Amino acid sequence: MPDIWTHHPEIVRDLLREAGFTCGVEPRILKGRDPDWTCIVDGNRIAGDIYVHQADTTLSAGMAALVFGLLGVLLLVALSEAWVIIRLRRGPSGHGENHGRRGGDL
């Protein structure tokens, strides 16, 4: 089940309680989570845990920076691998798979 980040977790928990969730209990899915964050629901069509957290602008900005940093590294790795593949296909002389020879088999 999802994590919910909000500036007003107490309001979200109250709304979840009104919708039939039980809040302030031990988590069942992700053990070790703070019970104060955890709301659970057991219905006929849905069952699970929801984790309600206090949003912190510093944490959100830090997480965004981390995600963009990881995406940047992934982009650099993909570009470098593409460059290596292109270089290997061209061969040492840079003339494709003929390796500098003109025509077919000479």
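The paragraphs below set out a description of the structure included in this document. (Residues numbered from 1 in each chain as written. Predicted model: local features only at pLDDT ≥ 70, side-chain atom pairs only at ≥ 80, totals over all residues. Heavy atoms only, no water.)

Now for the side chain of His53. Tracing the sequence through the fold places His53 in strand 4 (residues 47–54). A relative accessible area of 4% places His53 in the buried class. Among residues more than four places away in sequence, those in contact with His53 are Asp3, Ile4, Trp5, Thr6, Pro9, Arg33 and Trp37. (Helix = DSSP H or I, 4+ residues; strand = E, 2+ residues; numbered from the N terminus. Buried < 20%, exposed > 50% of the residue type's maximum accessible area, 1.4 Å probe, protein only. Contact = heavy atoms within 4.5 Å.)

The subject of this paragraph is the sheet that holds strand 2 (residues 22–23). Within the open sheet, the four strands sit side by side as 1-4-3-2. Their pairing is mixed. Strands at the two margins of the open sheet, each flanked by one partner only, are strand 1 (3–6) and strand 2. In the sheet, strand 3 (residues 38–42) pairs with strand 4 via five bridges, with the strands oriented antiparallel. The residue bridging Ile40 from the neighbouring strand is Asp49, located in strand 4. Of the strands in this sheet, strand 1, strand 2, strand 3 and strand 4 are in contact with helix 1 (residues 9–18), which crosses strand 4 at around 160 degrees. (Pairing = 2+ DSSP bridges. Axes fitted to C-alpha atoms, helices over the stretch in contact; angles between N-to-C directions.)

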